[in-house]
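Next come the chains, spelled out residue by residue.
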Amino acid sequence: METSEFIAHLDEEGRLLAEAAASAGPDAVVPTCPGWRIRDLLRHTGTVHRWAAAVVTERHAEYRPAAGEPDLDGAALLTWFREGHGLLVDALSKAPAGLDCWTFLPAASPLVFWARRQTHETAVHRADAESALGEPGPVPQRLAADGVDELLCAFHGRRGSRVRTGAPKVLRVRSTDTGDVWTVRLSAEPPRADRSSEGPADCELSGPAGRLHLVLWNRLPLSAVALDGEGDVARLWRETSAITWA
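Keep in mind the model is a prediction, meaning the values are calculated, not measured. (Residues numbered from 1 in each chain as written. Predicted model: local features only at pLDDT ≥ 70, side-chain atom pairs only at ≥ 80, totals over all residues. Heavy atoms only, no water.)

*Asks:* Describe in detail the packing of helix H1 (residues 3-24) against helix H2 (residues 38-58), supporting the description with residues and values.
*Replies:* For the pair H1 and H2, interaxial distance at closest approach is 10 Å and the crossing angle is 155 degrees. Here H1 lies roughly antiparallel to H2, going by the angle between them. Judged by the twist between their axes, the crossing of H1 over H2 is left-handed. Here Leu17, Ala21 and Ala24 of H1 come into contact with H2, specifically with Ile38, Leu42 and Thr45. Classifying every residue of the contact of H1 with H2 gives 5 nonpolar, 1 polar and no charged. (Axes fitted to C-alpha atoms, helices over the stretch in contact; angles between N-to-C directions. Helix = DSSP H or I, 4+ residues; strand = E, 2+ residues; numbered from the N terminus. Parallel < 35°, antiparallel > 145°, perpendicular 65-115°, else oblique. Left-handed = near helix turned anticlockwise from the far one by under 90°. Contact = heavy atoms within 4.5 Å. Nonpolar A, V, L, I, M, F, W, Y, C, P; charged D, E, K, R; others polar.)

In structure tokens form, the structure reads like this:
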């Protein structure tokens, strides 16, 4: 996907998140984030947006922690969230192609990284906000397939991934609408994922990219997609794959 496409999706996903949060209200429980209410979701996502915008606009060369979450609620919190989302979209839209700043996942360039990462961050949290109103809507097809790729090949390729097993296993993920296929090799080491369908798999998850994306991010139950093979492999992913904000 082009950087401009990511930014357009980021703009839309943030708008939808704010609309869902406004409809649900700050006290609404967020079922996909146990222990959170809408106010917690807005504070978290808004803080991430402003942190990322600062990395891009101030050209941070190394990691810097985010500022603390605001002591805001209600309409003031929603306004603060919308302003921060706008700052991020603006920062990425105006950033040069040769942007040089800190990143934490592989990418073609820092600008591609931040546009991609913040778009997926916002899309997942948009689904969280919608879960307060019922089942979240799927992520758009091509964006969802890219989000699966980022999760499997980038996030869980890092040393910190907890998706590990003493007995080697193979998890296959198949998008039935985009045709994308990933093979994830699980062991006592970090997972090794690639875009292939080579060799046998112990477990396969298949379905539309928009639903696969949310299942793999633990925003929809495993029953939302088709499961073929060893359910224990899918449950291992479910129990150990969570990505947390440091």
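The discussion continues.
*Asks:* Quick rundown of the sheet that holds strand E5 (residues 226-229)? Include the residues and the values.
*Replies:* If you walk across this open sheet you meet the 5 strands as E3-E2-E1-E4-E5, and the pairing is mixed. Looking at which strands have only one partner, the edges of the open sheet turn out to be strand E3 (192-194) and E5. Direction aside, neighbouring strands of the sheet carry axes that sit 15 degrees apart on average. Note that strand E1 (residues 169-175) and strand E4 (residues 203-207) share 5 bridges and pair parallel. Opposite arginine 172, over in E4, you have glutamate 204 as the bridge partner. (Pairing = 2+ DSSP bridges.)

*Asks:* Pulling in residues and values, what's your account of the side chain of histidine 85?
*Replies:* On the secondary structure map, histidine 85 appears in helix H3 (residues 74-94). Those residues in contact with histidine 85 that sit more than four places away from it in its chain are Leu10, Asp11, Gly14, Arg15 and His49.

*Asks:* I'd like to hear about the nonpolar core, residue by residue, with values.
*Replies:* Core analysis: the largest hydrophobic core is formed by 56 residues, its most contacted members being Leu92, Trp114, Leu171, Val173 and Leu205. What leucine 171 contacts, discounting residues up to four positions off in sequence, is Trp182, Thr183, Val184, Leu186, Cys203, Leu205, Val233 and Trp237. Counting 15 residues, the second-largest nonpolar core is a separate cluster that includes Leu17, Leu77, Leu78 and Phe81. (Core = buried A, V, L, I, M, F, W, Y, C linked by side-chain atoms within 4.5 Å. Buried < 20%, exposed > 50% of the residue type's maximum accessible area, 1.4 Å probe, protein only.)

*Asks:* Requested: an account of the side chain of histidine 213, with residues and values cited.
*Replies:* Inspection of the secondary structure assignment puts histidine 213 in helix H6 (residues 209-216). Of the residues examined, histidine 213 reaches a relative accessible area of 1% and is grouped as buried.

*Asks:* Now, about the packing of aromatic side chains: what can you tell me, with residues and values included?
*Replies:* Between two aromatic rings, the relevant description is the distance of the centres plus the angle of the planes. In this structure the tally under the stated criterion is 11 aromatic pairs. Measuring from centroid to centroid gives 5.4 Å for tryptophan 51 and tryptophan 114, while their planes differ by 75 degrees, and the two rings are edge-to-face. Residue tryptophan 51 is found in helix H2, and its partner tryptophan 114 is found in helix H4 (residues 110-131); the two are separated by 63 residues along the sequence. For the pair formed by tryptophan 51 and tryptophan 114, the shared burial category is buried. Taking the centre distance of 6.1 Å and the plane angle of 45 degrees together, the rings of tryptophan 102 and tryptophan 114 count as tilted. Here the residue tryptophan 102 occupies a position in the loop between H3 and H4, and tryptophan 114 occupies one in helix H4, the gap between them amounting to 12 residues. (Phe/Tyr/Trp six-rings, centres within 6.5 Å; stacked < 30°, edge-to-face > 60°.)

*Asks:* Describe H1, listing the residues and the values that go with them.
*Replies:* A rise of 1.5 Å per residue sets the reference length of H1, with its 22 residues, at 32 Å; its end C-alpha atoms lie 31 Å apart and thus fit the reference within 8%. Those residues of H1 not exposed but buried are Thr3, Phe6, Ile7, Leu10, Glu13, Gly14, Leu17, Ala18, Ala20 and Ala21. Along H1, the residues classed as buried sweep out an arc of 165 degrees about the axis, all on the same side. Among the exposed residues of H1, those pointing more than 90 degrees away from its buried face are Ser4 and Ser23. The inward-facing, buried residues of H1 contact H2, H3, H4 and helix H5 (141-154). Just downstream of H1, glycine 25 is the residue with a positive phi angle, here 90 degrees. (Expected span 1.5 Å × (residues − 1). Arc of directions from axis to C-beta.)

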